[in-house]
Amino acid sequence: MKERIYKKMAGTSAIFIPADYASSSPVERDGLAWTDAELSMPSSPQSLRWQPPLESTLALEGLEEYNPANDGDARYINNLGIALVYIGKIRGWVALTDYA
């Protein structure tokens, strides 16, 4: 599997999207870059628990107050056009770049 590189979205607690994300997005331009191994990405999409899609990452962060995520929860984010998985080890959301 090809190693992927991620950057943290600016202004978020812990949301990581691909460093080469083609659309405009508020990534930290001067921030660090992480590999999927460093972010503890799951090796198989079958282990994910799909939750209802959300309009934006702002809605995703709002869930922390009333519906905290569990390790392996996944959500499609409409305005980004990508899905994210919650990684309990890092307490953050990471973009899924290979899923069906």
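Before reading on, note that the structure itself is shown above.
For clarity, every value in this text was computed on a predicted model and none was experimentally measured.

Caption draft 1: Region of the structure containing the packing of aromatic side chains. Tallying each qualifying case throughout the model produces two aromatic pairs. Seen in terms of ring centroids, Phe16 and Trp34 are 4.9 Å apart; in terms of plane orientation they differ by 80 degrees. Their pairing is edge-to-face. Of this pair, Phe16 sits in strand 2 (residues 15-18) while Trp34 sits in strand 3 (residues 33-35), and the two are 18 residues apart along the sequence. Overall, the relative accessible area of 22% leaves Trp34 in the partly exposed class. With a centroid separation of 5.3 Å and 65 degrees between ring planes, the pair formed by Tyr86 and Trp93 is classed as edge-to-face. For the residue pair Tyr86 and Trp93, the accessibility class agrees, reading buried in each case.

Caption draft 2: Spotlight on the environment of Glu3. Here Glu3 is to be found in the segment before strand 1 (5-8). Sequence-wise, Glu3 and Asp36 are 33 residues apart; in three dimensions their C-alpha atoms are separated by 6.7 Å. Those residues within four positions of Glu3 in sequence are excluded, and the remaining contacts are Thr35 and Asp36.

Caption draft 3: The arrangement of the pattern of salt bridges in detail. Applying the stated criterion across every chain yields a total of two salt bridges. Across the salt bridge formed by Arg4 and Asp36, the nearest N and O atoms sit 3.0 Å from each other. Residue Arg4 is found in the segment before strand 1, and its partner Asp36 is found in the loop between strand 3 and strand 4 (49-50); the two are separated by 32 residues along the sequence. In this structure Arg4 comes out as buried when scored by relative accessible area, which is 14%.

Caption draft 4: Summary view of the sheet that holds strand 6 (residues 82-87). Read from one edge of the open sheet, seven strands run 3-1-2-7-6-5-4, paired in mixed fashion. Looking at which strands have only one partner, the edges of the open sheet turn out to be strand 3 and strand 4. Running over the sheet, helix 1 (residues 57-66) touches strand 2, strand 5 (73-77), strand 6 and strand 7 (92-96) and is turned about 150 degrees from strand 5.

Caption draft 5: Spatial organisation of the nonpolar core. Ranked by size, the top nonpolar core spans 26 residues in total, and within it Leu60 and Leu84 carry the most contacts. If you list the elements that add at least two residues to this core, you get strand 2, helix 1, strand 5, strand 6 and strand 7. When residues in this core are grouped by element, the largest group, six residues, is from strand 6. Those residues within four positions of Leu84 in sequence are excluded, and the remaining contacts are Ile15, Phe16, Thr57, Leu60, Asp73, Ala74, Arg75, Ile77, Trp93, Val94, Ala95 and Leu96.

Caption draft 6: Inspection of unusual backbone geometry at higher detail. A positive phi is found at Ser40, a non-glycine position, where the angle reads about 60 degrees. Along the chain, Ser40 falls in the loop between strand 3 and strand 4. In this structure, Arg91 is a non-glycine residue whose phi angle is positive, near 50 degrees. Note that Arg91 resides in the loop between strand 6 and strand 7.

Rules used in this analysis
- Residues numbered from 1 in each chain as written.
- Predicted model: local features only at pLDDT ≥ 70, side-chain atom pairs only at ≥ 80, totals over all residues.
- Heavy atoms only, no water.
- Phe/Tyr/Trp six-rings, centres within 6.5 Å; stacked < 30°, edge-to-face > 60°.
- Helix = DSSP H or I, 4+ residues; strand = E, 2+ residues; numbered from the N terminus.
- Buried < 20%, exposed > 50% of the residue type's maximum accessible area, 1.4 Å probe, protein only.
- Contact = heavy atoms within 4.5 Å.
- Salt bridge = Lys/Arg side-chain N within 4 Å of Asp/Glu carboxyl O.
- Pairing = 2+ DSSP bridges.
- Axes fitted to C-alpha atoms, helices over the stretch in contact; angles between N-to-C directions.
- Core = buried A, V, L, I, M, F, W, Y, C linked by side-chain atoms within 4.5 Å.

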